[in-house]
Amino acid sequence: MKILTYLLVYRRFLLIVLTPLLLLPLPLIIKTKEAECAYTLFVIAIFWLTEALPLAVSALLPAFMFPLFGIMGSKQVASAYFKDFHLLLIGVICLATSIEKWNLHKRVALKMVMLVGVNPAWLTLGFMVSCAFLSMWLSNTSAAAMVMPIVEAVAQQIIRAEAEADELEMSCSNGSVNPALELDENIGEYENPDWKEKEKRVNGYNNNVGSTVCTVEKENEKGNEQNLPPAEAERKSRKDKYSGIFKVMCLCVAYSATIGGLTTITGTSTNLIFTEHFNSRYPDCQCINFGNWFILSIPIAVIILLLSWIWLQWLFLGFDFKNMFKCGKKKTAREEASSQVIQEEYKKLGPISYPETVTLVLFILMTLLWFTRDPGFIPGWSSLFPKYKSYITDSTAALVIGLLFFIIPAKTLSRTSNGENTVFGYTPLITWKEFQSCMPWEIAILVGGGFALADGCEVSKLSEWVASKLTPLGSLPLWLIILISCLIVTSVTEVASNPATITIFLPILSPLAEAIHVNPLFILIPATLCTSFAFLLPVANPANAIVFSYGHLTIMDMVKAGLGINIIGVAVVMLGIMTWIVPIFDLYTYPSWVPNIPSTNGTGL
């Protein structure tokens, strides 16, 4: 038993040591550059999938393995670790830092929820839309962390309002007023002192908290289920119903944070990684930009969001169209409580401030510059520089706007009663320290490692070898090849991080497309979108873990809900790639910017 305990404790250390040793025969026996590159690829892939080492640390391995194997020089490898992607990321994080610092995100989220109303179904949709909108421009993790405290506040207010309604109902039925102690007990039954603590550490989630809280609650419920009077039994039934509402509200935040990130290139790291990989591998294309990615992905995200909303409602609450679309009826205690807490939270923000206004203007300006750079159907603003048109990318606009956040002052001059100007110390909208705290350096290094790995596969001819072995797949129907790649990627991303998954599969799927002689976008776009579909487990992505840590969900709740949304996601992506995405990129035509690999196999179209 002691040996097993030691093995369990040191399993990561053993994995780090044994993986390179067990794979060492590959480069020793097959003494080719392809085998040496494959050895590096396998070692890094295993480390990424198991997270035996931090993702960024594993991403640094090509920096010394490729020079030692003689695949690439050290200077050549180092240049792959910082590319146009990183400049785009810096500009976006400047915007995200200012949005978070000045609470613009909270104002947007609350306003959206207020617009849709407090009916449980519409309230859930309001949280989904607001969270999805935020995740279009911020990281999925940040969007979930911002919206979840609002959801928790609404849930707590609903609990108090229902407890008071129960007390009033019981008083009326008995013809007397019950002691206030019972009300306090009812409220205490729902309230958990740990929730406030969890809210404080929402950004540093703990995967074990939610399961512990749920286990304790279940054990308490089992002990109290026996010998309940009718009034208590009815109250427990209503409590179960409210529990379902809380589950839906929590899951809608986790899933909409992921779904919203699909819509923009900057919305999630997987989209950024795909864009940089594609532009590096096919430099003559220049067909992926902010505008056309938004056009192809927004219908997918909207359809998945609506179907996910319907699925969650049906799974936990039942889809009651009559109550959903009721008009002119009196609000329930729960709806009144939800409305009250949302309005109170919005009032706390006060009138929109000067820094919020400037941040909003710069946000709109950055979005417009992205959309209008090269929209395709009309000349964009990049055409104003005809000699250097190809030099300008989305990162150019992001950096220009991003730098303004370090220049524009956060405070304006104000006049005193004497008419004199009050002078404040000059402070920009964001400082370098605030930017550093928001900058995801791990993702930046991880992506750089992926680019270095892709360059190594090209230089060593490993990509060509993989392409030659994948050529027989051309005999399968194209839709089946796409579906298989989507299902594989979706399965792997449940147990591995999304950036690691896409970084591993892009160098494999690109040669596959070239080998079977189809437009690479036909396979790469759906695979990239499906990499984000990590809905099953709390550990699948940070947004899931943040929501799970609040204690309203069990793992089985997330598995049941996530499985349905995974199926919905893959089905909608397949529908999109075979219909409206085809004319955007003329997918049925093999483009001239792809290396023309001779192939005798058809694509099965």
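Residues numbered from 1 in each chain as written. Predicted model: local features only at pLDDT ≥ 70, side-chain atom pairs only at ≥ 80, totals over all residues. Heavy atoms only, no water.

(A) Quick look at helix H21 (residues 394–404). Listing the buried residues of H21 in full gives Asp394, Ser395, Ala397, Ala398, Ile401 and Gly402. End-on view of H21: buried residues confined to an arc of 160 degrees, all on one side of the axis. Buried residues in H21 make contact with helix H8 (84–101), helix H17 (290–316) and helix H20 (354–372). (Buried < 20%, exposed > 50% of the residue type's maximum accessible area, 1.4 Å probe, protein only. Helix = DSSP H or I, 4+ residues; strand = E, 2+ residues; numbered from the N terminus. Arc of directions from axis to C-beta. Contact = heavy atoms within 4.5 Å.)

(B) Looking closely at the nonpolar core. Judged by nonpolar contacts, the single largest core of 157 residues is most densely connected at Phe278 and Ile525. By residue number, the principal contributor to this core is helix H15 (residues 230–260), which donates 12 residues. Excluding anything up to four places from it in sequence, Ile525 contacts Phe274, Trp293, Leu296, Ile577, Ile581 and Phe585. (Core = buried A, V, L, I, M, F, W, Y, C linked by side-chain atoms within 4.5 Å.)

(C) Representation of the state of the cysteines in the model. In this structure the tally under the stated criterion is one disulfide. Left without a disulfide partner, Cys94 is nearest to the cysteine sulfur of Cys438, which lies 9.8 Å away. The class for Cys94 is buried, based on a relative accessible area of 2%. With no disulfide of its own, Cys457 lies 4.0 Å from the sulfur of Cys37, the closest cysteine sulfur. For Cys457, a relative accessible area of 4% puts it in the buried group. (Disulfide = S-S within 2.5 Å.)

(D) How the structure looks around a nonpolar patch on the surface. Where nonpolar side chains cluster on the molecular surface, the patch consists of Tyr6, Val9, Tyr10, Phe13, Val17, Leu18, Leu21, Leu22, Leu24, Leu28, Ile29 and Ile30 and spans about 1300 Å² of accessible area. Those elements giving two or more residues to the nonpolar patch turn out to be helix H1 (2–9), helix H2 (11–23) and helix H3 (25–29). Checked against the element boundaries, Ile29 lands in helix H3. (Patch = residues over 30% accessible without salt bridge, like charges linked within 9 Å, V, L, I, M, F, W, Y side chains within 5 Å. Areas by Shrake-Rupley, 256 points an atom, 1.4 Å probe, with all protein chains shown as cover. Salt bridge = Lys/Arg side-chain N within 4 Å of Asp/Glu carboxyl O.)

(E) Structural context of the packing of aromatic side chains. If you walk through the whole model with that rule in mind, you get 15 aromatic pairs. Judged by centre distance (5.8 Å) and plane angle (25 degrees), the rings of Phe533 and Phe535 are stacked. By the burial criterion, Phe533 is buried, and Phe535 matches it. Just above the ring of Tyr346 sits the side chain of Arg107; from NZ or CZ to the centre is 5.7 Å. (Phe/Tyr/Trp six-rings, centres within 6.5 Å; stacked < 30°, edge-to-face > 60°. Lys NZ or Arg CZ within 6 Å of the ring centre and 35° of its normal.)

(F) Main features of the pattern of salt bridges. For the coordinates displayed, the defined rule picks out six salt bridges. With a closest N to O distance of 3.1 Å, Lys101 and Glu434 form a salt bridge. Of the two residues, Lys101 is situated in helix H8 and Glu434 in helix H22 (residues 432–438); the sequence distance between them amounts to 333 residues. Note on Glu434: relative accessible area 24%, which makes it partly exposed.

(G) Quick peek at the environment of Ile443. Assignment of secondary structure puts Ile443 in helix H23 (residues 441–459). Distance in space between the C-alpha atoms of Ile443 and Leu55 is 8.2 Å, their sequence separation being 388 residues. Residues in contact with Ile443, not counting those within four places in the same chain, are Phe85, Ser269 and Pro499.

(H) Up close: unusual backbone geometry. Residue Lys461 is not a glycine yet carries a positive backbone phi of 70 degrees. With respect to the helices, strands and loops of the structure, Lys461 is situated in the loop between H23 and helix H24 (462–470). Here the phi dihedral of His517 falls at roughly 65 degrees; this positive angle occurs in a residue that is not glycine. Summarising the element assignment, His517 is placed in the loop between helix H26 (498–515) and helix H27 (521–530). Given a relative accessible area of 30%, His517 falls into the partly exposed group.

(I) Main features of the side chain of Thr19. Along the chain, Thr19 turns up in helix H2. Thr19 sits in the buried class, given a relative accessible area of 7%. At 2.6 Å, the side chain of Thr19 forms a polar contact with the backbone oxygen of Leu15. (Polar contact = N/O pair within 3.5 Å; in protein donor to acceptor, adjacent residues only side chain to side chain.)

(J) The packing of H26 against H27, seen in detail. Here H26 crosses H27 at 160 degrees, and the two axes come no closer than 9 Å. Here H27 runs roughly antiparallel to H26, going by the angle between their axes. Handedness of the crossing formed by H26 with H27: right-handed. Listed contacts from H27 to Ile502, Leu506, Leu509, Ser510, Leu512 and Ala513 of H26 are Ile523, Leu524, Ala527 and Thr528. (Axes fitted to C-alpha atoms, helices over the stretch in contact; angles between N-to-C directions. Parallel < 35°, antiparallel > 145°, perpendicular 65-115°, else oblique. Left-handed = near helix turned anticlockwise from the far one by under 90°.)

(K) Spotlight on the confidence of the model for the protein chain. Taken residue by residue, the protein chain gives an average pLDDT of 78. The fraction at 70 or more is 77%. For the protein chain, helix H12 (residues 180–190) is the element with the lowest average pLDDT, namely 37, and H27 is the one with the highest, namely 94. A low-confidence stretch, residues 599–605 stays under pLDDT 50, and its non-local contacts, those more than four residues away or across chains, total 22 contacts. (pLDDT = per-residue confidence, 0-100.)

(L) Fine view of the environment of Ser280. By the element assignment, Ser280 lies in helix H16 (residues 269–281). In sequence terms Ser280 and Ala454 are 174 residues apart; their C-alpha atoms lie 9.4 Å from each other. Among the polar contacts listed, one links the side chain of Ser280 to the backbone oxygen of Glu276, at a separation of 2.8 Å.

(M) Quick look at empty space enclosed by the protein. Across all of its chains, the model carries two cavities of 30 Å³ or more by this definition. Along the walls of the largest cavity sit Ile273, His277, Val447, Gly450, Phe451, Thr503, Leu506 and Pro507, which together make up its complete lining. Of all the secondary-structure elements, those providing two or more residues to the lining of the largest cavity are H16, H23 and H26. (1 Å grid on protein atoms, 1.4 Å probe; cavity = no way out; pocket = protein on both sides within 12 Å on 5 of 7 lines; lining within 4 Å. Points joined across faces, edges and corners; volume = space filled by probe spheres on them.)

(N) Spotlight on the environment of Cys486. Structurally, Cys486 is set in helix H25 (residues 478–492). If near-sequence neighbours (up to four positions away) are discounted, Cys486 is found in contact with Pro526, Ala527, Cys530 and Val570.

(O) The packing of helix H4 (residues 33–50) against H23, seen in detail. The N-to-C vectors of H4 and H23 enclose an angle of 155 degrees; their axes lie 10 Å apart at closest approach. One way to sum up the angle between H4 and H23 is to call them roughly antiparallel. With respect to the hand of their crossing, H4 and H23 are arranged in left-handed fashion. Contacts between H4 and H23 involve Cys37, Thr40, Leu41, Ile44 and Trp48 on the former and, on the latter, Leu446, Gly450, Leu453, Gly456 and Cys457. Residues that form the contact of H4 with H23 fall into these classes: seven nonpolar, three polar and no charged. (Nonpolar A, V, L, I, M, F, W, Y, C, P; charged D, E, K, R; others polar.)

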